[in-house]
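Here's the letter readout for the chains.
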There are 2 protein chains.
Amino acid sequence: MDYFNVAILGCGTVGSGVAKILIDMPEELAVRAGKKIQLVKIVDLYPKKAAANYQIPMQLFCGGGKDLLRDEATRCIDEIIADPNIHLVVETIGGTSDYLYGIMHRILSAGKHLVTANKAMLAEKGGELFRLARQKNVLLGYEASVCGAIPIIKTIRESFTGDKILEISGILNGTSNYILSKMQHEGLDFPTALKNAQEAGYAEADPTLDINGGDAAHKLTILIRLAFGANIDYFSLYKEGIDQISREDIDFANEMDCSIKLICYARQMDGKIFAAVKPMMVKNDNFLSKVNGATNCVEVKNLYSGKHYFVGKGAGSLETASSVVSDIVFAAKYQGMAISMPDLKDFELVEAGSIVLPYNITFTTEDRPGITGLVTTAIGAQNINIDTVSHNRHNKDKAYFSVVTMPCTLNQVKQAIDQIKQKAPGLLLEEPKIIPILY
Amino acid sequence: MDYFNVAILGCGTVGSGVAKILIDMPEELAVRAGKKIQLVKIVDLYPKKAAANYQIPMQLFCGGGKDLLRDEATRCIDEIIADPNIHLVVETIGGTSDYLYGIMHRILSAGKHLVTANKAMLAEKGGELFRLARQKNVLLGYEASVCGAIPIIKTIRESFTGDKILEISGILNGTSNYILSKMQHEGLDFPTALKNAQEAGYAEADPTLDINGGDAAHKLTILIRLAFGANIDYFSLYKEGIDQISREDIDFANEMDCSIKLICYARQMDGKIFAAVKPMMVKNDNFLSKVNGATNCVEVKNLYSGKHYFVGKGAGSLETASSVVSDIVFAAKYQGMAISMPDLKDFELVEAGSIVLPYNITFTTEDRPGITGLVTTAIGAQNINIDTVSHNRHNKDKAYFSVVTMPCTLNQVKQAIDQIKQKAPGLLLEEPKIIPILY
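Throughout what follows, the structure given in this document is the object of discussion.

Rules of the game
- Residues numbered from 1 in each chain as written.
- Chains lettered and ligands numbered in written order.
- Predicted model: local features only at pLDDT ≥ 70, side-chain atom pairs only at ≥ 80, totals over all residues.
- Heavy atoms only, no water.
- Pairing = 2+ DSSP bridges.
- Helix = DSSP H or I, 4+ residues; strand = E, 2+ residues; numbered from the N terminus.
- Disulfide = S-S within 2.5 Å.
- Buried < 20%, exposed > 50% of the residue type's maximum accessible area, 1.4 Å probe, protein only.
- Phe/Tyr/Trp six-rings, centres within 6.5 Å; stacked < 30°, edge-to-face > 60°.

## Describing the sheet that holds strand 2 (residues 36-43) of chain A
Residues and elements named next belong to chain A.
Working step 1: Read across the sheet, five strands follow the order 2-1-3-4-5 without closing on themselves; strand pairing throughout is parallel. One side of each edge strand has no neighbouring strand; the edge strands of this open sheet are strand 2 and strand 5 (140-141).
Working step 2: Strand direction decides the pairing type here: strand 3 (residues 88-91) and strand 4 (residues 113-116), joined by four bridges, are parallel. Bridge assignment links glutamate 91 to a residue of strand 4, and that residue is threonine 116.

## Here's the deal with the state of the cysteines
Residues and elements named next belong to chain A.
Working step 1: The tally for this structure, following the rule as stated, stands at two disulfides over all chains.
Working step 2: The disulfide bridge from cysteine 62 ends at cysteine 76, spanning 2.0 Å between sulfur atoms. Between cysteine 62 and cysteine 76, the S-S dihedral sits near -90°, and the bridge is therefore left-handed. Taken together, the residues span a long stretch of sequence, with cysteine 62 in the loop between helix 3 (47-52) and helix 4 (70-82) and cysteine 76 in helix 4 at a distance of 14 residues. An identical accessibility class is assigned to cysteine 62 and cysteine 76; each is buried.

## Focus on the pairing of strand 18 (residues 433-438) of chain A
Residue and element names in this part refer to chain A.
Working step 1: Among the six residues in strand 18, five count as buried, and that is most of the element.
Working step 2: As paired strands, strand 9 (residues 272-283) and strand 18 are joined by two bridges and run parallel to one another. Directly across from valine 282, in strand 18, lies its bridge partner leucine 438.
Working step 3: Relative to strand 18, strand 14 (residues 359-366) is paired through four bridges, and the arrangement is antiparallel. In the strand pairing of strand 18, threonine 362 is matched with lysine 433.

## A few points about the packing of aromatic side chains
Geometrically, a pair of aromatic rings is defined through the distance of the ring centres and the angle of the planes.
Working step 1: Taken as a whole, this structure holds 19 aromatic pairs over all chains when the rule is applied.
Working step 2: Their ring planes at 50° and their centres at 4.7 Å tell us that phenylalanine 330 of chain A and tyrosine 334 of chain A sit as a pair that is tilted. Neither phenylalanine 330 of chain A nor tyrosine 334 of chain A differs from the other in exposure class; each is buried.
Working step 3: Arranged with centres 6.0 Å apart and planes meeting at 80°, the rings of tyrosine 334 of chain A and phenylalanine 330 of chain B form a pair that is edge-to-face. Taken as a pair, tyrosine 334 of chain A in the loop between helix 13 (317-333) and strand 12 (348-350) and phenylalanine 330 of chain B in helix 13 (residues 317-333) lie in two separate chains rather than in one.

Structure, rendered in structure tokens:
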């Protein structure tokens, strides 16, 4: 049986998990891959720390286990890239630096398979890397980059090949889902729930990308390219995070039998892509409303086979590592045959303001007669049909009420609000909250 | 680009769907497979009827479109098997006849790929067919045989390759789930719900295999072989259907915040397989309780990546056909490399009576004092810890009550019931209902 030799760059949360699985189950992997998969080298600046969790043998580390300076690590990486006996490199360093981009580029240029969990790099600068992988006929594996353990990449690539994907949506960021679940089910406010997520290890010390929708948008960008073969730009994708969601929004949603979720959404139609990352009010009889905590869920709607849901762990050391290892097995087994990403075509990315959805608009106004009429007249003047006006609350001198529209565009909603502001300056005490509804 | 030629045997619900998809999207399939997939021949006794739904061209049918006698159809099949230009045969005839087994055997013997939705044949007599496929280095594709559209077979085979599967469970029969959902949510009794399912096209005129757990057990047998590499005998698998579930059982379950579902369950431990098909009371905060109607759900618990849920359509013409086509693409793309089923090892199939689970036991007794003491004493005497005794109802002279046990074996429960019958003959007015609980 042939050998298939693997090196790991960056032995942190995910990289160390990959090392553990490769060391723990060599016989099973050999049967599945038809080759003996061997972990031959690990590069990490701090081997002792990296090896601690899973007792990874020190001799696997470049430098024999001593801490490395950056230059020394770079030399180790260069040796790996130059080594004809290393067939695949796992990149679990992370980040989008030019330094790392250069390394990934050189790995592929050397004709080696590359497996990565680096969604940011692939979403922001992936195009050239995928082109290079195809040109060199090697696998650029990224199962672990979208929703950790959920095998959505290979499912789209290898299983949904007898169908056409029409829509992809889902809950792709576990941290924000954890925070929203805590707010909904334990009555916490946003800052407390965020702190809670950080203490539980779900949110980073700098949680910006989780909170502002950036991480979810990275994943959605990758899914759009794979599922629709659509060449879209990550930076043009509309993204809005959960940092503006308040206890009141959660309560309003609850009264409407909805749960607020950070929803990723993409649909292809007539050569156009409609896509956004946005908090939405999900009706409680929709499956997505049942996905709580740090769990992820991907919903795929196909032309022939209808709706599918994939639910699983979106993060975690061994969870994500198991996806990396599945890509290693795939590369070893189907060497030279695997296609990482289809040829991408240019699609028009529809401006988020013109996507048609039903909206819930929550107004905070002065508490006096005539306001409902004024607000609903302005909405009707924009050709928006109103579904319900409800959930009035009065609190001191303020009135809170929400208007649920029939499907319309965000631009229409915004124009209606502008008109209200013009007609009755000072009436709106806060900027209205505009949240789409997912039935 | 090479051609990859396909013939379809049996152009009914699934077969005609396969023909439609192959005819509808040749360009997409060619890109995905790297070969031009061509439908070159269809064999069906009644072409006009078979072609009607999707306007399949008559000239594709053996005999040019006229009805065939069985002997004529057999000759057509023989010609297909002998034709070196046909690379793959789709078997969508169905059934477990020796005649069909012979055809499948000859297709594989001729070195052709074989794709089938025939769960009964694979579960009952599949062993030799899989051995033959491996020997001939061809794909025996069966994605469509387990849960229609849900891509669980390729997920286990190609995606869960960096992990170990510990448990598989789920709702694998859409018809019984449809009936149970109707009983739970619309208050129907079993015969009415069954009739309803037949009218809606979910249940066959002879619904035996759906109702008695046989169909679910076919699927579970295939999953156990694939996931655990365990050579188990379909006929030895414990199966119990939903035909004994009454309105009262559903109501009891409801009071305990549970839904009754027909659950397939398999776990591997220490070289043993614990497996059964059985109605269970599923706690309403368990994801499986949210799967309603004809939808299927497969739950996989992995060593490293934890729990996964796969939800989708378990049946339907185009739904199931899309899975068949995905196997055709796989065979065309990875010709000669695909492994249909791992080498199977003998595992001990643990007798269902010794599987440890918490049980709900519902008693119907005379309505007089002292019965609770007598019943719970008998249960305690079998070393079963009791969780709760509750839900008493009194109806004329009868008392209904249920005992929830801590995890124990079905054998223990049955011994306790035997003891009650011995100690107080005539006390139990009906045979107690014993239903496991899934938390």
